[in-house]
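Topology and contacts: notes
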Amino acid sequence: SFEDKLDDNKVEKWKEHYVNYGQMRAMLVTIKGVAEAYESLAKSRPDVAAEFGPSSAEVGLERGLNAMSIAGGDEDEDEGTGSENISLVETVGKGGEYGSTGGEIDGDELAFRQNFAMHKKALDNVVAQFKSGLIAERSKAAIFYIDEVAGLERRLDLLISTVQSNYELKKDPKRNRRTVMRKQRRDSMILMKSARTLISEKHDVSDIGVIIDEEDDIDDQPISVRNVVNEMESVKRALVDLHRQTILLFNFFMMTRSALLRLLKRFNAILPKQKWDEQEVFPERYDGRKTKNLIDRIVKIYAKWFCDNDIREATAQMHTKKGDDLELDWSQFRLGHQLGICLTLTVWLAFDCLWSLWTQGIATLAGRSAFPVFRGCFGLLVWHWCWGVSAYVWRRYRINYIYLFDFNPKTVLYPHAIFNACVDETMVFLVTLLLYYKSSTHTMPVWFAPGIYPALLVLYMLSRLIFPLKQRRPLWTAIMKVWTAPLFSPTFFETYVADVFTSLVKVLLDLLWTVCFIFSGDFLLPDQVDTAEDRHGWQHAKWYKNIEVIICLFPLYIRLMQCLRKFYDSHERVPHLPNAFKYTMSQVVTLFGKFYPVLRLSCSKNSVSCGHMSAFQVTWLEIFIFSSMYSWVWDVKMDWGLGKKDYNWLGPRLMFPSTLHYYGVIVADLFLRFMWMQSLVPPSSGAHFELPAYLTAVSMVLELIRRTLWSFFRLENEHRTRTQHYGEKDDIDFVPFHFTTGHNHKYQQNNKRSGRTVLVEVLAVGISVLVLCSVVVIIAQKASAQEF
């Protein structure tokens, strides 16, 4: 809910100045209940409603407050103002036992009128309380905001004047000649030049007595190099802190404004007859442009002093602050320990496979019957790691993915918690894979069919996908909405999930194989390499091949449906229809792969010359290349907001620190897009550009890496888009930058674990793995001794 988001982005030292959203929302719930009861009574007896006149809630704040103020006063005081300004109690009393026509009123009629008057007065009361409360909350936030802006402006002016005064120097006759390291000399020259540039804002450089000659030693200069370095580093830190405080203040303004707008819109929806104008709530002085201008001013000063007027570089440096909100508790020690165990298991497994292949000619894992099962689980595991890396990168570079994805801050996992979950799953995966390989190669006693191990791994992965249910429920809810497109209007997170599904085609194909492998009972059969392909007859059946094609097409279909649904909702052809065309072309590539084997088989059966097959292949290849290039251009231009000539073919207000990151990912995405398009081709299609089966795992991992890189810039672009147009569109969609606010969240405290608990867990895991490895080694040695 928005209340959770507001709480998650609160600055601890400012918490008393935020809008009390929960209390105001509770008042709206009360208003809704009272208004519904009042409307029900008014509809049942419109004659009585007309006699009493409209509620003050229906005629505006001023009249409503006026009615409340004279509720117990002289009835003749505002005799000519209309029935809406007369005390409700007096209205009932004037009727007494007579109606408006002078007739006598029975007991039921009198009770109804008293009840109606009570509801009318109650509605007026709660509406007046809400409006006065909202104005009070607005005033509280506005006063604090205006004072803080003025304070930040004074701090910046003081910093500028201090630096300028410190560097208005005269030449010192004393010169000390000492040898200084070349790097320190170069850095100091840059800082001195920066300081001198600052002075030139108000003074001509030629008027200053300090002229630095780069041929002279540093200590020949009239100021200590070390002092300059320290002072300029202090200036850097001061500017970064000012920039951070100003952004937090802008977040404060936009979050409070968004809260007030939400309350206002909700109020207008409950009482549509009484339209409360936004201008009554937000005065002209309560404007976010002050902080926006101050942020721009700080960035320009920083760029001029330290980044050679490079605004983009200055913005990136000031946004990234090492260690901010990335501190890990004792779980960091646990994570490192378990990563070491995973590395040891990986080396053991790789060495065992290579040694068995070299000495005994035993086939490696790729030739084993259950290898697709492990490959599919490995794909899910890789994506879980990629999700953790994505969350870490977004968090580090101030991209508020929690807000963009509309996550509940109380249930979302932070990067270190995701990594801990990933490393647990990796350990289970490696141990299961090692036991399966040892069992299938008979290098350890076989107590049951080796296929039991991959079956247990499938059960474990399934449990991790479902539990903990509180954290997984939003994901599965989004997946269900994605699968049922276009019945629901897709949110940003749902379109992201659908995009991820297009990158999981190879994984989904392996999961299909896994389902058939488990439910057919083949996992209980002895593992034999030479007959692994022949005994799984279901994988050659027509229904199985058709399901493979459906799996390749379905992710593209749901993205196509989402694009069409967005076009239906917004009536905007661009970008939704061109985006739909992109997924249509990808589906054409898949359909070509489906029909090519059929055409080739028809030619061979009828002994017909298939000269036209080359034309089919050429057409297929052309569509393949066109679709891949179109998707790549769409990534760069539309999804990432790059490719603008005025910004060196990048974009404005970039949030990552180096342009090399952008150029490198753009080039990598060009090649990986062709790999992605190849993953949409059904297996055994016969295409010349089809990858060999043994490279499936490699292409799967590369595509997941591409999707991760894509997600970095996709969310960055979404964040920039929803923060750069202040005042141009609805401020409710504003996304605050992610900073550590110091707010003491209870749900974060509950997730922290004590050092003793982590140490006990680390020791337990380490001992368990050590015992397991020792048992396996002893059993293997005994088995080898018995053979000899």
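Note that this is a predicted model, so its numbers are computed, not measured. (Residues numbered from 1 in each chain as written. Predicted model: local features only at pLDDT ≥ 70, side-chain atom pairs only at ≥ 80, totals over all residues. Heavy atoms only, no water.)

Section: the side chain of Ser627
Let me state the cut-off plainly: Helix and strand labels come from DSSP, where a helix needs a run of H or I of at least four residues and a strand needs a run of E of at least two; each type is numbered from the N terminus. Any residue under 20% of the maximum accessible area for its type is buried, any over 50% is exposed, and the rest in between are partly exposed; the area is computed with a 1.4 Å probe on protein chains only. By definition, residues are in contact when any of their heavy atoms lie within 4.5 Å.
As for its placement among the helices and strands, Ser627 is situated in helix H23 (residues 612-639). The exposure class of Ser627 is buried, given its relative accessible area of 1%. Those residues in contact with Ser627 that sit more than four places away from it in its chain are Lys582, Met585, Ser586, Val589 and Met677.

Notes on helix H19 (residues 492-503)
What counts, and what does not: Each residue after the first adds 1.5 Å to the expected span of a helix.
Between its first and last C-alpha atoms H19 spans 17 Å; for twelve residues at 1.5 Å apiece the expected length is 16 Å, and the two agree. Counted residue by residue, H19 has twelve buried out of twelve residues, so it is predominantly covered. Looking at H19, one finds that the buried residues are Phe492, Phe493, Glu494, Thr495, Tyr496, Val497, Ala498, Asp499, Val500, Phe501, Thr502 and Ser503.

Details of the side chain of Glu425
Mapping Glu425 onto the fold places it in helix H16 (residues 415-440). Among the residues examined, Glu425 registers a relative accessible area of 3% and is labelled buried. Setting aside residues up to four positions removed in sequence, Glu425 forms contacts with Leu381, His384, Tyr460 and Arg464.

Re the pattern of salt bridges
Pairing between side chains of opposite charge can happen when their charged atoms approach one another. As a reminder of what qualifies: A pair is scored as a salt bridge if a Lys or Arg side-chain nitrogen falls within 4 Å of a carboxyl oxygen belonging to Asp or Glu.
The final tally for this structure, using the stated rule, is 19 salt bridges. Across the pair Arg155 and Asp241 runs a salt bridge whose closest N-O atoms are separated by 3.0 Å. Placement of Arg155 in helix H7 (residues 107-166) and of Asp241 in helix H9 (residues 225-270) is noted, with a sequence separation of 86 residues between them. When its relative accessible area of 31% is taken as the criterion, Asp241 is described as partly exposed. For the salt bridge of Arg375 with Asp510, the shortest nitrogen-to-oxygen distance reads 2.8 Å. Here Asp510 lies in helix H20 (residues 505-519) and Arg375 lies in helix H14 (residues 371-396), a separation of 135 residues in the sequence. The exposure class assigned to Asp510 is buried, which follows from its relative accessible area of 5%.

Regarding the nonpolar core
Note the cut-off: Only buried Ala, Val, Leu, Ile, Met, Phe, Trp, Tyr and Cys residues count toward a nonpolar core, and they belong to the same one when joined by side-chain atoms within 4.5 Å.
The biggest cluster of nonpolar side chains holds 122 residues, and the ones touching the most others in it are Ile31, Phe130, Leu239, Trp394, Phe405, Tyr496 and Leu715. At 20 residues, the largest contribution of residues to this core is made by H9. Every residue in contact with Trp394, bar those within four places of it in the chain, is listed here: Trp387, Ile399, Tyr401, Phe405, Tyr496, Ser711, Phe712 and Leu715. Core analysis: the next-biggest nonpolar cluster, separate from the first, contains 59 residues, Leu430, Leu435, Ala455 and Tyr583 among them.

Regarding helix H25 (residues 696-721)
Under the 1.5 Å per step criterion, the end-to-end length of H25 is 37 Å for 26 residues, consistent within 8% with the ideal 38 Å. Extensive coverage of H25 is indicated by the burial of 19 of its 26 residues.

A word on unusual backbone geometry
Look at the link from Ala485 to Pro486: it is a cis peptide, with omega at 10 degrees. Inspection of the secondary structure assignment puts Pro486 in the loop between helix H18 (469-483) and H19. Of the consecutive residues Val574 and Pro575, the connecting peptide bond is found in the cis state with omega at 10 degrees. In this structure, Asp308 takes a positive phi of about 55 degrees despite not being glycine. Following the sequence through the fold, Asp308 ends up in the loop between helix H11 (289-306) and helix H12 (311-319). Under the relative-accessibility criterion, Asp308 is labelled exposed at 71%. The backbone of Asp406 sits at a positive phi, close to 60 degrees, despite the residue not being glycine. Of note, Asp406 is situated in the loop between helix H15 (401-404) and H16.

Description of the packing of aromatic side chains
The criterion, for reference: Centres within 6.5 Å are what make two rings of Phe, Tyr or Trp a pair, Trp counting through its six-membered ring; a difference in plane orientation under 30 degrees is then read as stacked, over 60 as edge-to-face, and the rest as tilted. Geometrically, a lysine NZ or arginine CZ counts as sitting over a ring once it is within 6 Å of the ring centre and also within 35 degrees of the ring normal.
Scanning the entire structure with this criterion turns up 47 aromatic pairs. Plain terms: the ring middles of Phe448 and Tyr453 are 5.3 Å apart, the flat faces sit at 45 degrees to each other, and that makes the pair tilted. Of the residues examined, Phe448 reaches a relative accessible area of 37% and is grouped as partly exposed. Among the aromatic residues, those joined into a cluster by ring pairs are Trp387, Trp394, Tyr401, Phe405, Phe407, Phe492, Phe493, Tyr496 and Trp710. Over the aromatic face of Tyr403 sits the side chain of Lys5, whose NZ or CZ is 4.8 Å from the ring centroid. Looking at Arg396, its charged tip hangs above the ring of Tyr397, at a distance of 5.9 Å from the centre.

A short note on the state of the cysteines
Filter applied, for reference: Whenever a pair of cysteine sulfur atoms sits within 2.5 Å, that pair is classed as a disulfide.
One pass over the full model with this rule turns up zero disulfides. The structure places no disulfide on Cys386, whose sulfur is separated from the nearest cysteine sulfur, that of Cys422, by 9.1 Å. Assessed through its relative accessible area of 9%, Cys386 is described here as buried.

Considering a nonpolar patch on the surface
We count it as follows: Surface patches are drawn from residues lacking salt bridges whose relative accessible area is over 30%; two like charges belong together within 9 Å, two nonpolar side chains (Val, Leu, Ile, Met, Phe, Trp, Tyr) within 5 Å. Reported accessibility uses the Shrake-Rupley method at a 1.4 Å probe radius. Residues are deemed covered only where the shown protein chains occlude them.
A contiguous nonpolar surface patch, about 790 Å² in accessible area, is contributed by Leu462, Leu465, Ile466, Phe467, Leu469, Leu475, Trp476, Met480 and Trp483. In terms of residues, the nonpolar patch owes the most to one element, H18, which gives five residues. Along the polypeptide, Trp476 turns up in helix H18. Among the residues examined, Trp476 registers a relative accessible area of 32% and is labelled partly exposed.

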